[in-house]
Amino acid sequence: MSDKAADAVGALRNAMLDSGVRIVSDFRVQSIAKNEDGGFTVTDGKRSYTHGAVIIATGGKSYPLTGSTGDGYDFAESFGHKVNAPTPSLIPIETDEDTSSLAGLSLKN
């Protein structure tokens, strides 16, 4: 209701913590392996965590400096998912309201 992205992130974070989710930061996933018991082991090359399920939510491949490196495609393919080759695109967001004041997102370099 505040129209602030940070508040939305905070609400999601609180909901996760209330549900017992353990949040790990400063961890760049290098590999995900399926275990014999059906669980998964996620590693960054130094540390590993074992989970009953994994959600791949890495974003696309558009802007590596933001962390959007395309790793998620490789993880998905390693589990047999079909991945279409990414292609650049611009997608409009259509609303009934006038949102012209929100136009544009600029990233340096």
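Quantities reported herein were computed from a predicted structural model and do not represent experimental measurements.

*Asks:* Any chance you could explain the overall build of the protein here in plain terms?
*Replies:* Each helix and strand counted, the protein has two helices and three strands in total. Rg of the C-alpha trace for the protein: 18 Å, well past the compact-globule value of 13 Å for 109 residues, more than 25% over. When its C-alpha atoms are laid out on the principal axes, the protein stretches across 55 × 35 × 30 Å. Within the span of the protein, comprising 109 residues, buried residues form 13% of the whole. Considering only intrachain contacts with a sequence separation of at least 6, the fraction spanning at least 24 residues in the protein is 21%. Carbon and sulfur atoms make up 53% of the accessible area of the protein, which totals about 9,500 Å². Placing the 10 positive and 14 negative side-chain charges of the protein at their respective mean positions leaves the two points 10 Å apart.

Cut-offs and rules
Residues numbered from 1 in each chain as written. Predicted model: local features only at pLDDT ≥ 70, side-chain atom pairs only at ≥ 80, totals over all residues. Heavy atoms only, no water. Helix = DSSP H or I, 4+ residues; strand = E, 2+ residues; numbered from the N terminus. Rg over C-alpha atoms; globule rule 2.2 N^0.38 Å. Buried < 20%, exposed > 50% of the residue type's maximum accessible area, 1.4 Å probe, protein only. Contact = heavy atoms within 4.5 Å. Areas by Shrake-Rupley, 256 points an atom, 1.4 Å probe, with all protein chains shown as cover. Lys, Arg positive; Asp, Glu negative; His and termini not counted. Charge placed at Lys NZ, Arg CZ, Asp CG, Glu CD.

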